[in-house]
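# Coordinates in review
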Amino acid sequence: MLAILGWLLAIVIAACLLVAAWPQALGLEQAPVVAQVVSMRIGVVGIALVLAIVFLCFVGWRRVRPFVLGVVSLLLVFALVSGGVHASRGLDDDQAIDGDGGDLVVLTWNTLGDEPGAEEVARIIDETGADVVMLPETTLPLGVGVAELLRERGNPFWVHTTEYSPSYGALNTTLLISAALGEYTTDSSVGGTRTLPTVVARPDDGDGPVLVSTHPVAPVPQQMRNWRADLEFVAGLCDGSSSVVMAGDFNSTLDHWASLGADGGDLGTCRDAASAVGAGAVGSWPTWAPSWLGAQIDHVVATPDWEPVAARVLTGVDGAGTDHRPVLVQLRRTG
């Protein structure tokens, strides 16, 4: 009887580890609990290794030794598989971005309600040579303040903000566009993400890409339906009908997008730039965790007419007051 119970428990453990390692196989990547677990792959791998050590403490007990060794084997296989999936997305956090080479440089940073301040945001834009800046949880006054600082330095930017509540920073999303890219107009006709705002801007001359600064809501229990709807909305913006460059805090990893790709894209037809150049596993959130442990939930994605050249998560501003790291990407127009 004990042996039967042991086998049943081992099967349950194996099933749970399979779901945690590759929930896409069962279409569970957006399911409650699973969505949260798969977000932090390396953290879960660490827990699995600790559990393996704990189970090994009982290996001297002959009656349960086969069960213990079986569970330890399952935990080690899970750690190898899940760790391998994570590493395959790229851990290169030292790629050079050339802001003077004619390519499009895109910066995204969730400022947690303007926490870094205009001077710090403007400094990073100046230093990186960013042409387009997506700023979730950033108000219009901060965006205007950044633009004014940059204008004084001979680098003017247009400011576009969508707000659900001007007084609450999290309910604002701002998009800064270099004046060198021409004039853009906010397009509110396409709709938006449900809980936190998204800015969609189209070029007035029709020549440049549609620029999107987005912020799907986090997959907390009470927001799971809105989170899924938000991801479907942003995937729908990459429907192949327009050139699109989109960035922001997606509150999701590549795992969560498994059912949302189209025609070889990761999110609709858009591809995740960081993973395409070997930097897709560098954590952008939270700042208190080292970049090898955190989750990359801040992304820059683009339609296939934009080739990712380089990507970097900026780890040098972890003390700026926000829990997100900036993500910087260099894109090259191919079509």
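Look above for the structure.
Residue positions are given per chain, counted from 1 along the sequence in the order it is written. Per-residue local features of the predicted model are confined to residues with pLDDT of at least 70, and side-chain atom pairs are confined, for both listing and counting, to 80 or more; whole-chain, interface and lining totals are unaffected and use all residues. Only hydrogens and water are set aside; all other atoms, that is, all heavy atoms of the structure, feed into the side-chain values.

### A word on the environment of Arg325
- Note that Arg325 resides in the loop between strand 11 (306–313) and strand 12 (327–333).
- Each residue is assigned to one of three classes by its accessible area relative to the maximum for its type, calculated with a 1.4 Å probe on protein chains only: buried under 20%, partly exposed between the two thresholds, exposed over 50%. According to the relative accessible area criterion, Arg325 is buried, its value standing at 2%.
- A C-alpha to C-alpha distance of 18 Å links Arg325 and Gly143, two positions 182 residues apart in sequence.
- Residues adjacent in sequence count toward polar contacts only when both atoms are side-chain atoms; beyond that, a polar contact is any pair of N or O atoms within 3.5 Å, and within protein one must be able to donate a hydrogen and the other to accept it. Here Gly283 takes part through its backbone oxygen, which lies 3.0 Å from a polar atom of the side chain of Arg325. Numbering of helices and strands runs from the N terminus, with a helix taken as a DSSP run of H or I at least four residues long and a strand as a DSSP run of E at least two residues long.

### What about empty space enclosed by the protein?
- Think of a 1 Å grid over the protein atoms and nothing else: a 1.4 Å probe that fits but is trapped marks a cavity, an open set flanked by protein within 12 Å on at least five of seven lines marks a pocket, and residues with an atom within 4 Å of a point count as lining. Grid points are joined across faces, edges and corners, and a volume is the space filled by probe spheres set on the points. Evaluation of the coordinates by the stated rule reveals one cavity of 30 Å³ or more.
- Its volume calculated, the largest cavity comes out at about 150 Å³.
- For the largest cavity, the lining is made up of 18 residues, of which His86, Arg89, Thr253, Gly280 and Gln296 are closest to its centre.
- If you list the elements that add at least two residues to the lining of the largest cavity, you get helix 2 (34–39) and helix 3 (41–56).
- Across the lining of the largest cavity, the residue classes break down as seven nonpolar, seven polar and four charged. Three classes are used, and their members are as follows: Ala, Val, Leu, Ile, Met, Phe, Trp, Tyr, Cys and Pro are nonpolar, Asp, Glu, Lys and Arg are charged, and the others, Gly among them, are polar.

### Describing the packing of helix 5 (residues 118–128) against helix 6 (residues 140–152)
- Packing of helix 5 against helix 6 leaves a shortest axis separation of 9 Å and a crossing angle of 50 degrees. Judged on the interaxial angle alone, helix 6 and helix 5 are oblique. The element helix 5 and its partner helix 6 pack so that their crossing is right-handed. Across the interface between the two elements, Ala118, Glu119, Val121, Ala122, Ile125 and Asp126 from helix 5 touch Leu142, Gly145, Val146, Leu149 and Leu150 from helix 6.
- When the residues that make up the contact of helix 5 with helix 6 are grouped by side-chain class, the tally is eight nonpolar, one polar and two charged. Orientation is described by lines fitted to C-alpha atoms, with helices fitted over the stretch in contact, and by angles between N-to-C directions that extend from 0 to 180 degrees. Angle categories: roughly parallel below 35 degrees, roughly antiparallel above 145, roughly perpendicular from 65 to 115, and oblique for all the rest. Take the far helix as your reference; a near helix turned counterclockwise from it by less than a right angle gives a left-handed crossing, and one turned clockwise gives a right-handed crossing. By the convention used here, residues are in contact when the closest approach between their heavy atoms is within 4.5 Å.

### Looking at unusual backbone geometry
- For the peptide bond that leads from Trp285 to Pro286, omega is -5 degrees, which places it in the cis range.
- Inspection of the secondary structure assignment puts Pro286 in the loop between helix 8 (273–276) and strand 10 (298–302).
- A positive phi is found at Val33, a non-glycine position, where the angle reads about 70 degrees.
- Residue position: Val33 is located in the loop between helix 1 (2–21) and helix 2.
- Notably, Glu137 is not glycine yet its phi reads approximately 55 degrees, a positive angle.
- Mapped onto the fold, Glu137 is located in the loop between strand 2 (132–136) and helix 6.

### Observations concerning a nonpolar patch on the surface
- Residues enter a patch when their relative accessible area is above 30% and they make no salt bridge; the linking distance is 9 Å between like charges and 5 Å between nonpolar side chains (Val, Leu, Ile, Met, Phe, Trp, Tyr). Where accessible areas are quoted, they stem from the Shrake-Rupley method and a 1.4 Å probe; at the residue level, only the protein chains shown are allowed to cover. Note on definitions: salt bridges are taken to be side-chain nitrogens of Lys or Arg within 4 Å of carboxyl oxygens of Asp or Glu. Together, Ile4, Leu5, Leu8 and Ile11 give the surface a local cluster of nonpolar side chains, amounting to about 400 Å² of exposed area.
- Owing to a relative accessible area of 53%, Ile11 belongs among the exposed residues under this scheme.

### A closer look at the environment of Gly27
- Its location among the elements puts Gly27 in the loop between helix 1 and helix 2.
- Taking the C-alpha atoms as reference, Gly27 lies 7.8 Å from Ser259; in sequence the two are 232 residues apart.

### What to know about the side chain of His86
- Mapped onto the elements, His86 comes out in helix 4 (residues 65–88).
- In this structure His86 comes out as buried when scored by relative accessible area, which is 11%.
- The residues contacting His86, other than those within four sequence positions of it, are Arg41, Ile42, Leu91, Ala281, Trp292 and Gly294.

### Thoughts on the side chain of Ser284
- Mapping Ser284 onto the fold places it in the loop between helix 8 and strand 10.
- Beyond its immediate chain neighbours, meaning those up to four positions away, Ser284 contacts Ala295, Gln296, Ile297, Asp298, Val313, Asp323, His324, Arg325 and Val327.

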